[in-house]
Amino acid sequence: MAVGEQSGPLMADVARLAGVAISTVSRALANPGRVNEKTRIKIDAAAKQLGYTPNAMARSLRVGKSNIIMIILPGSLYYGVSQIIPQILQSINKALILNGYNLMIANLDRDEESEMHILDLAFGGTVRGAIILSSKLPEVDGRSLANAGLPIVSMLLDMSDAGLPSVVTNDREAVRDVTADLIRLGHRRFLYLAGPEDNYHDVERYGGVIEALQEAGLRESAVVRSGGNLDYQRGFDIGLQAADDFAALANKPTAVIATSDDMAISFMSRIQRTGLKVPDDLSIVSFDGSPVCAFCSPPLSTIEQPVEEMGQTAVALLLAAIDRSEQQPKIRNVIRSRLIQRESMTPPT
């Protein structure tokens, strides 16, 4: 067969024989309900007469059984060295492939155009289900993903109060425990590097710090907050800002709790250039568990998010909903993080 030669009839041939536009044939295959019955019958008859076989995706869409799962991101894939979102995507993709499904990244931003595209995919029958990462459900012009009739699982953000199956890690408990560890080491003054104010993760993690202070009989004033005005995607900038805030404090903290590895790495780099030593002068612990933390100087203590298990759990919940399993799904699924303690945490001198 010559290069570029087709081995069988094309969608255009079906359209010509049925006397309709190619787009109408495509729509009839992808979503029969959007084409009137008379036209659909003509298209089916033309396809049978020509022996036209649509590709696997079109066949699955025609019978309402798409094998595509839509992933909705909180924004850009870029998350500095932490790379939590890419790691989670890899885990989800692996689990979906094992179950015969394909992954579609529905957006690389969260502007109105992207939101409308997500809703078009959901309401148009292109996807079988959706996993939304660390963000609210898209809603534009009265249309909401919640009303698209799709199984949806929320990941990293707890939306169980709204009845949406959610897979999260134990942010509050993990930060509470590591703060308690620092207190046991002898630390009494803390600097907290914050994510965006009112963000779910920041609320949970800062709440863990406060709970640990209360349990130890310390006042909330024992911790100074830095940041709160920048997104997690700008973690390096948050760390640099926090270094300036630290320098301006008269009563210096002896321990730093950063809510992402990016924040901790840039903070530690700038602080050490001023002559301070980690951990001799200042202990540091962060959140995410990116591999690069092991190669920092000194190696950085970090709370590692269980991305592999979280991805597998989210896929299992979604596929159970797709298969309409009789077993009632657990609405709130908490996968525990773990502290990787390295040289950046010691008693204060």
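What you see is a predicted model; the values in this text were computed from it and never measured.

*Asks:* Which residues make up the environment of L282, and what values go with them?
*Replies:* Checked against the element boundaries, L282 lands in the loop between α10 (261-273) and β11 (283-288). Residues L282 and I340, 58 residues apart in the sequence, show an inter-C-alpha distance of 18 Å. Beyond its immediate stretch of four places on either side in the chain, L282 contacts F246, P253, T254, A255, V256, F267, I271, K277 and S344.

*Asks:* With reference to specific residues and values, describe the confidence of the model for the chain.
*Replies:* For the chain, per-residue confidence averages 88 on the pLDDT scale, and 91% of positions sit at 70 or higher. Segment residues 1-7 is flagged for pLDDT under 50; beyond a separation of four residues in sequence, or across chains, it makes 2 contacts in the model. Scored below 50 in pLDDT, residues 56-64 makes 18 contacts in the model with residues more than four places away or belonging to other chains.

*Asks:* Break down the nonpolar core for me, citing the residues and quoting the values.
*Replies:* If you look at the biggest cluster of nonpolar residues, it comprises 26 residues, and the most contacted ones within it are I88, I92, I131, L133, M155 and V167. Within the residue set of this core, elements represented by two or more residues are β1 (68-72), α5 (84-98), β3 (129-133), β6 (152-155) and α11 (307-322). Element by element, the count of residues in this core is highest for α11, at 8 residues. Not counting residues up to four positions away in its chain, the partners in contact with V167 are V153, S154, M155, L156, M310, T313, A314, L317, N333 and I335. Grouped together as the second largest cluster of nonpolar side chains are 22 residues, L191, A242, A258 and M263 included.

*Asks:* Can you explain helix α7 (residues 171-185)? Please cite residues and give values.
*Replies:* Its 15 residues place the ends of α7 21 Å apart at the C-alpha level, agreeing with the 21 Å of an ideal helix rising 1.5 Å per residue. For α7, the complete set of buried residues consists of D171, A174, V175, V178, T179, A180, L182 and I183. Directly beyond the C-terminal end of α7, a positive phi value near 115° is found at G186.

*Asks:* How would you sum up the sheet that holds β11? Please name residues and give values.
*Replies:* Read across the open sheet, the 6 strands follow the order β9-β8-β10-β11-β12-β14; overall the sheet is mixed. Sheet topology places β9 (223-227) and β14 (338-340) at the edges, where each strand pairs with a single neighbour. Recorded for the sheet is a direction-independent mean angle of 20° between the axes of neighbouring strands. Contacts from α10 reach β8 (190-194), β10 (255-258), β11 and β12 (301-304) within the one sheet, and its direction differs from that of β11 by about 150°.

*Asks:* Give me the pattern of salt bridges: which residues, what numbers.
*Replies:* The final tally for this structure, using the stated rule, is 16 salt bridges. Taking the shortest distance from any N to any O, the salt bridge between E308 and K94 comes out at 3.4 Å. Placement of E308 in helix α11 and of K94 in helix α5 is noted, with a sequence separation of 214 residues between them. By relative accessible area, E308 is classed as partly exposed at 33%.

*Asks:* Let's hear about the sheet that holds β1: which residues, and what values?
*Replies:* Spatially, β2-β1-β3-β6-β7-β13 is the arrangement adopted by the 6 strands of the open sheet, whose pairing is parallel. The open sheet has two edge strands with one neighbour each: β2 (102-105) and β13 (332-335). Strand-to-strand twist in this sheet, taken as the mean axis angle between neighbours without regard to direction, amounts to 20°. In the sheet, strand β7 (residues 166-169) pairs with β13 via 4 bridges, with the strands oriented parallel. Bridging from a neighbouring strand, V167 pairs with N333 of β13.

*Asks:* Please set out unusual backbone geometry residue by residue, giving values where relevant.
*Replies:* Residue V278 is joined to P279 through a cis peptide bond whose omega torsion reads 10°. As for its placement among the helices and strands, P279 is situated in the loop between α10 and β11. Cis geometry marks the peptide bond from S297 to P298, where omega comes out at 0°. Checked against the element boundaries, P298 lands in the loop between β11 and β12. For D198, which is not a glycine, the phi torsion comes out positive at approximately 75°. Along the chain, D198 falls in the loop between β8 and α8 (200-215). With a phi close to 140°, D288 is a non-glycine residue in the positive phi region. If you trace the backbone, D288 turns up in strand β11. By relative accessible area, which is 8% here, D288 ends up buried.

Each value, and the rule that gives it
- Residues numbered from 1 in each chain as written.
- Predicted model: local features only at pLDDT ≥ 70, side-chain atom pairs only at ≥ 80, totals over all residues.
- Heavy atoms only, no water.
- Helix = DSSP H or I, 4+ residues; strand = E, 2+ residues; numbered from the N terminus.
- Contact = heavy atoms within 4.5 Å.
- pLDDT = per-residue confidence, 0-100.
- Core = buried A, V, L, I, M, F, W, Y, C linked by side-chain atoms within 4.5 Å.
- Buried < 20%, exposed > 50% of the residue type's maximum accessible area, 1.4 Å probe, protein only.
- Expected span 1.5 Å × (residues − 1).
- Pairing = 2+ DSSP bridges.
- Axes fitted to C-alpha atoms, helices over the stretch in contact; angles between N-to-C directions.
- Salt bridge = Lys/Arg side-chain N within 4 Å of Asp/Glu carboxyl O.

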